[in-house]
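Observations on chain architecture
Chain by chain, the residues run as shown.
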Amino acid sequence: MSRLLTLKDHGQSFWLDNLSRGLIEDGTLMRRMRTQGLSGITSNPAIFEKAMAGSGQYDERIRAALTKSDDVEAIYERLAIADVQEACDLLLPVYEETHTADGYVSLEVSPHLAHDAEATMRGARKLWQAVSRRNLYIKIPGTRAGIAATETLLYEGINITLLFGIDAYRETLQAYMRAMEERLRDGLDLRSVSSVASFFLSRIDVAVDRELRHRIDPGVSETLRDQAESLLGQAAVANARLVYADFCEVLAGHRWRHLADEGAHPQRIVWASTGTKDPDYSDVMYIEPLIGPQTVSTMPDKTADAFDAHGRVERTLTDDAADAATILSRLADLDIDLGAVTEQLVAEGVQKFIDPYDALLQGLEARCKRLRRSAAHEPLAAMADKLRAKTIRMTTAAGSGHPTSCLSCAEILAALFFEEMRWDPASPKARDVDRFLLSKGHAAPILWAALSEAGAIDSDLLSLRQLDSDLQGHPTPENPWVPVATGSLGQGLAVVNGMALANRLDGIRARLFCLLGDGECSEGSVWEAAQFAADQHLDGVVAIVDANGLEQSGPAPYGHDTSVIAGRFKAFGWRTLEIDGHDLGDILTALEQTRDAGPTAIIARTVKGQGVSFLAGAHGWHGKALDAEQCAAALAEIKAADVRIAVEPRHVVAAQVRDTRLPPGRMSVDYAHGDEVATRSAFGSALAKLGETLDDLVVLDGDVKGSTKTASFADRFPERFVAAEIAEQNMLGAAMGLAASGKRPCVATFAAFLTRAHDFMRMASYSRLEHLVICGSHAGVSIGEDGPSQMGLEDIAMLRALDATTVLYPCDAVSAERLTETAFGTPGIVYLRTTRGKTPVLYAAEEGFPVGGSKTLAESEQDVLTLVAAGITVHTALEAHAHLRERGLRTRVIDAYSVKPLDVETLQRAARETSGLLVIEDHHRAGGLGEAVAAQVGRLGRVFHLGVSGEPHSATPEALRERHRLSSQAIEQQALALAA
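Residues numbered from 1 in each chain as written. Predicted model: local features only at pLDDT ≥ 70, side-chain atom pairs only at ≥ 80, totals over all residues. Heavy atoms only, no water.

**Topic: the packing of helix α33 (residues 904-913) against helix α34 (residues 929-937)**
Axes are the key here: two packed helices are described by the angle between their axes and the distance separating the axes. Condition: Fitted lines through C-alpha atoms serve as axes, helices being fitted only where they are in contact, and the angles separating the N-to-C directions of these axes extend from 0 to 180 degrees. Every helix listed is a DSSP run of H or I at least four residues long, and every strand listed is a run of E at least two residues long, numbered separately from the N terminus. Note on terminology: angles under 35 degrees are roughly parallel, angles over 145 are roughly antiparallel, angles of 65 to 115 are roughly perpendicular, and the others are oblique. We call two residues in contact when some of their heavy atoms are within 4.5 Å. Residues are sorted three ways: Asp, Glu, Lys and Arg are charged, Ala, Val, Leu, Ile, Met, Phe, Trp, Tyr, Cys and Pro are nonpolar, and all the rest, Gly among them, are polar.
Where α33 meets α34, the closest approach of the two axes is 10 Å, and the angle between their N-to-C directions is 75°. It follows from the interaxial angle that α33 and α34 lie roughly perpendicular. The residues of α34 that touch α33, namely those facing V904, L907, Q908 and A911, are V933, Q936 and V937. Of the residues in the contact of α33 with α34, the class split is five nonpolar, two polar and no charged.

This is the structure we're talking about:
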């Protein structure tokens, strides 16, 4: 048998303190009544706030209430009254079986009226009449004004529950008896009137324990510490026992017995605030010691379940309170005045009711606003369904695609493109507008559908994924509305960061919306971008996470628990909003909040496949198009109306952006032949010079500006220097966003660390960027003692393998500066490879270095072999050339500074005129200069190759070049062997 049920055997009633619609609708209230003897329930503003404002439980009722009134307090009362009425009806049999002694539901008068007796009475009468149930208690704060109002209301026959402190208890009880006596004198029935008085427990212990712990300090005497420790957690129960003793004394008196003989019910005591606050205390410490006749224990669910599981049921309350009095006396000996504590709690108590009440009204007002907007935007809901229908038709026609991933974000795109975003369907390249980037690129079909509906594109939607269509399976800039290619997940937010940086530089106060998937948020690059946006205070960045709960292979990591992803964004410093991603009211309210400074993350709970019953929330549909029969069934369910919403062009205020081009003439370069200068230093010098003439040049550095030599640019142009920290993926992504916004970004880090961002570079190659310069410094084994983790040995292979890239590798300061200058005038992605150590200047300051060129540094008609090198190995090749000449072997030396594209003509001529080419490079043999040369001239002559093989090691640069056969001696030996 339930322990809660057996409480009634000892004269105590079990109530709950959490009335809500869910409790009624899911059968919990009836179940507890039937199995646990529940005989009453109190309303609680905090519980109502969570249910009314924080969930969709009340939405239909709120919509109905909005047709009657716009006053949020009136709407709350309407909703609460309906719940109370239903609960009263459920508890009516208890009320009748107990002859009106039990079976009550309470409803609270606004706590703002607590100090105005007349206003309290008006509020109580209004609620009493509105609920119109005999088993209703009107809850009133136990202030002086509240007690005065109580006496009058009880006389009028309104049942009252009072909230009070111990010092007010006698006055409360006297007010009740005076009201009963007055009704008796006037011949009114006493049996139909009831009252209870609530006494709060855990709040007293929290306050008293705080005082006691002040006396448990290691600095006080051991005796005092022991006394204080022995009283922890005892004040509330002791106080309650004294109250009960007073109650028993009154019931034994002649005055009360006379009223009882006439049918009056005793004003029972309700033990409230029975949930244990201190985890070190028993979870039933306010239930077990306070069981006795004529009492009510009102519990939160957690406490009720704990007591039912392991509580001890026996009568523990008596009219003897000697032990309780001793505890209060011992507290007084420690200068703790319980009367003062409870007086303070009463004063604070009203505010403790006002705060959740106000939070309830504020939350409900926000909910009402969302629902009003939903009703006002029914065309948007119809547009969302229209986008769903178009997406299904497109993917079915294509025979492939990701329709379910599109269906989950239909309302989000409808709200953005047809309501919230300021944009111009006639201007795909405009920047003085809000812009959108689809990071979850597999949802491309719904983007194409939205752009088509807005009149921004006229492409045939049914040409999706066809060779001659600009509507690819994942977005690319072949369609002019796509700033960069997306679909490799985890990249969009970093790109948007770069777009935001460009907006800041140009004074454009626009928002940048990035739609991600929840599975995508497992990518570390997302969190690199999240940290960067917060650290850089990128106010206009808005990340919207389509949390549809499903990935390709199964559930997303956290299902529909949006709090995890929201918590992560919040930890990085973002404003976070968790919403229902299919509720247009929720969506539009959240989007409205993004007008304030951000960055803002909206985590939208959605359903994958929403709108089609056999797709919604179903596993196994990722990346699968519907067949013709399934398509027809889905469209029949969606029933999309032919709604049309005109998009009015809207632009934001923006400063005039100057079109910057490379200046006529050439940059000044000043080095003397033989000067020892590192190419990385020359690169940094060139950047600083170019910054003077290129207003659109923006430099991003991965926390190595002292090594890459971008520090001089940072010092001279701090507003155009971005400290991207140790987050290479976000750095490359932000550079893509800058490039897509008309800037000339330059990314600088160690060549080795660029491997982390290779996928971003791969997607950049598909993004048709006008300019993106990447500098990888500290390349090759020539970095020396730092060891293999710091050696860029794969970088040329990475960049060569990408389409439409240029790879440049200077060997001295002059070529480094000139190639840096050239890079910023070269379309597309340009990779500059620089060296850590100093090398002698070979070239005159005015020497030119065109892309696709080379320099022949030594040449004769007697050349037997051609040495082809780039960067650091140009110098070892020249040393070898000199030694070989002394030994009678003539060699040609070519500086192949343009690795991609190669100077094919010069190399082919060398292949024809000499017996072979020996390529020397400080790079892995695979994928570098050697293979590039062999691919171009191998059919004309022999191509031999010296490059890095095996695992490098820490050592001096000279020792490592010797070990990997890149030194002049190794080249000399190889050349002699080949010539022989």
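More follows now that the structure is in view.
**Digging into the sheet that holds strand β12 (residues 575-580)**
Applicable threshold: Two strands are said to pair when DSSP picks up at least two bridges between them.
Strands sit in the order β9-β10-β11-β13-β12 across an open sheet of five strands; the sheet is parallel. With partners counted over all chains shown, the strands left at the sheet margins are β9 (435-438) and β12, one partner each. Shown here is a sheet whose adjacent strand axes are inclined to one another by a mean of 20°, direction ignored.

**Structural notes on the domain arrangement of the protein**
This is how the line gets drawn: Where each domain starts and ends comes from a domain assignment, either automatic or drawn from a database.
Splitting the protein by domain gives domain 1 (3-200 + 262-318), domain 2 (378-637), domain 3 (675-841) and domain 4 (855-979). Here the C-alpha centre of domain 4 lies 51 Å away from the C-alpha centre of domain 2.

**Observations concerning the pairing of strand β7 (residues 268-272)**
Inclusion rule: Think of it in three bands: with a 1.4 Å probe and only protein chains considered, a residue is buried below 20% of the maximum accessible area for its type, exposed above 50%, and partly exposed in between.
Here β7 lies mainly inside the structure; five of its five residues are buried. In β7, alternate side chains face the same way, and those of R268, V270 and A272 on one face and I269 and W271 on the other are all buried. Sheet analysis places strand β6 (residues 195-200) next to β7, joined by five bridges and oriented parallel. By the bridge assignment, V196 is partnered in β7 with R268. Examined bridge by bridge, β7 and strand β8 (residues 295-299) share three bridges and lie parallel to one another. Note that in β8 the partner of W271 across the bridge is S297.

**Considering the sheet that holds strand β18 (residues 771-777)**
Strand order across the open sheet formed by seven strands is β16-β15-β17-β18-β20-β19-β25, with mixed pairing between neighbours. Both edges of this open sheet fall to β16 (721-723) and β25 (898-900), since each of them pairs with a single strand only. Pairs of neighbouring strands in the sheet enclose a mean axial angle of 20°, with direction left out of account. Two elements, strand β15 (residues 697-701) and β16, share three bridges in a ladder whose sense is parallel. Opposite V699, over in β16, you have F721 as the bridge partner. Sheet contacts for helix α31 (residues 813-823): β18, β19 (805-808) and β20 (828-833); angle to β20, the most-contacted strand, approximately 170°.

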